[in-house]
Amino acid sequence: MAKDHSGAHALPLDTILSGDCAAAMDALPENSVDLIFADPPYNLQLKGELHRPNNSLVDAVDDHWDQFDSFAAYDTFTRDWLRAARRVLKPDGAIWVIGSYHNVFRVGAAIQDAGFWMLGDVIWRKTNPMPNFRGKRFTNAHETLIWASKSEKSKYTFNYEAMKALNEGVQMRSDWTLPICTGHERLKNGRGEKAHPTQKPESLLHRVLLAATNPGDIVLDPFFGTGTTGAVAKMLGRRWIGIEREAEYRDLAAARIADVRPYEKTALEVTASKRAEPRVPFGQLVERGMIRPGEELLSGNGRHRAKVRADGTLSGDGVKGSIHQVGAAYEGAPSCNGWTYWHFKREGRRVPIDALRQQIRDEMAGKRLS
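The structure contained in this document is the topic of the report that follows. All values derive from a computational prediction rather than experimental measurement. (Residues numbered from 1 in each chain as written. Predicted model: local features only at pLDDT ≥ 70, side-chain atom pairs only at ≥ 80, totals over all residues. Heavy atoms only, no water.)

**Some details on the overall build of the protein chain**
- A count of helical and extended segments in the protein chain gives 11 helices and 14 strands.
- Out of the 370 residues belonging to the protein chain, those deemed buried represent 44%.
- A separation of at least 24 residues holds for 67% of the contacts in the protein chain among residues at least 6 apart in sequence.
- Split by element, the accessible area of the protein chain, about 20000 Å² in all, is 50% carbon and sulfur. (Helix = DSSP H or I, 4+ residues; strand = E, 2+ residues; numbered from the N terminus. Buried < 20%, exposed > 50% of the residue type's maximum accessible area, 1.4 Å probe, protein only. Contact = heavy atoms within 4.5 Å. Areas by Shrake-Rupley, 256 points an atom, 1.4 Å probe, with all protein chains shown as cover.)

Below is the structure:
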């Protein structure tokens, strides 16, 4: 790793590290990454080979990296990597961990024991799951993603409006219907075989990274596999670090990511939350002459009126106060969003005062970009 000007080790950005994930994370600076996406071994406990009804062999997850001697050994492994992960995560960072019914409940308890704060879980419902060939159980058609912040006080990133826009204007739910990785996206090894048994689809990582990171953020994947996290991070303008102990997977991931072209910077802009935008007092509209003292404002339903005062407050029908206080008083409500409640007239049309606030915000955004 290169050193920065202070002499401390800099992060190995956009690099695949080899070796044990806990040891590799312990070598990274503390409080240095914004998000961790982890797809740890599932510890499937498969007993013997699995065949289809036609007696053909199923290419199941029977690799050595998914095998543990006992649940106790798996729990020790889980606690070790979670400890290392929490150390490298920034105070306002978050972690996503994906698993199946074999391991996700054990991992979930370990996440809480490690000091993370649960934010929720997401059910990934697979549109094309592998059937249960033995016919003795339900088709295993989903996996669970656990989402947690580093601590209860973390100011974690959640791009709510972007998720809503991705879902055609409807609030994004915690059950995601997406296909498993198939077709051209599924990587093959030099023998023409499926390169990795649990390669995740890029659509799943696109949604996670769009929801929980911003361009330029650093994403760490301690179980990098064939590099889906790195590929999507590169597309979306995020920096990434991968850790993978299997040389074959590292080679496949490196070649895959090298072929990825990042999206243009303008394409990475997403719908921002109103809360994330700069605060604009109503009085600023008055100071700038966008709304004049003495000008009359009307409620959206047209039933109420109030006049603007020079200090940015309103007066009308025996009540004085802010745009929010006067609106709440008129409606007999405990609170009111004055920005959407009050309107002014321009050329015979009613226009919400929020349009003027947005005009100022757009100007402020232009100054930040210039």
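Now that the structure has been shown, we can carry on.
**Focus on helix H5 (residues 202-212)**
- Burial runs high along H5: eight of the 11 residues are buried.
- Of all the residues in H5, the buried ones are Leu204, Leu205, Arg207, Val208, Leu209, Leu210, Ala211 and Ala212.

**Description of the pairing of strand S13 (residues 342-346)**
- One ladder, built from two bridges, connects strand S9 (residues 296-299) with S13; its direction is antiparallel. Residue Leu298 lies in a different strand from S13, and its bridge partner there is His343.
- Two elements, S13 and strand S14 (residues 349-352), share four bridges in a ladder whose sense is antiparallel. By the bridge assignment for S14, Phe344 is matched with Val351.
- In this antiparallel pair of consecutive strands, S13 and S14, the connection spans two residues, and Glu347 shows a positive phi of 55°. (Pairing = 2+ DSSP bridges.)

**Examining the packing of H5 against helix H6 (residues 228-235)**
- The contact between H5 and H6 brings their axes to 9 Å, and the two run at 55°. Here H6 runs oblique to H5, going by the angle between their axes. Crossing of H5 against H6: the hand is right-handed. Of the residues in H6, those touching H5 at Glu202, Leu205, His206 and Leu209 are Thr228, Thr229, Ala231, Val232, Ala233 and Met235.
- Residue composition of the contact of H5 with H6, by class: six nonpolar, three polar and one charged. (Axes fitted to C-alpha atoms, helices over the stretch in contact; angles between N-to-C directions. Parallel < 35°, antiparallel > 145°, perpendicular 65-115°, else oblique. Left-handed = near helix turned anticlockwise from the far one by under 90°. Nonpolar A, V, L, I, M, F, W, Y, C, P; charged D, E, K, R; others polar.)

**Topic: the pairing of strand S8 (residues 239-243)**
- Extensive coverage of S8 is indicated by the burial of four of its five residues.
- As paired elements, strand S1 (residues 15-17) and S8 share three bridges and run parallel to each other. Residue pairing for S8: Thr15 is matched across the bridge by Ile241.
- In terms of strand pairing, strand S7 (residues 218-221) meets S8 through four bridges, oriented parallel. The residue bridging Ile218 from the neighbouring strand is Arg239, located in S8.
- What joins S7 to S8 is H6, and the crossover it makes is right-handed. (Right-handed = clockwise from strand over helix to strand, strands pointing away.)

**Overview of the sheet that holds S14**
- The six strands lie next to each other as S12-S11-S10-S9-S13-S14, forming an open sheet whose pairing is antiparallel. At either end of the open sheet lies a strand with only one pairing partner, and these are strand S12 (319-321) and S14. Pairs of neighbouring strands in the sheet enclose a mean axial angle of 35°, with direction left out of account.
- Here three bridges tie strand S11 (residues 314-316) to S12, and the two strands are oriented antiparallel to one another.

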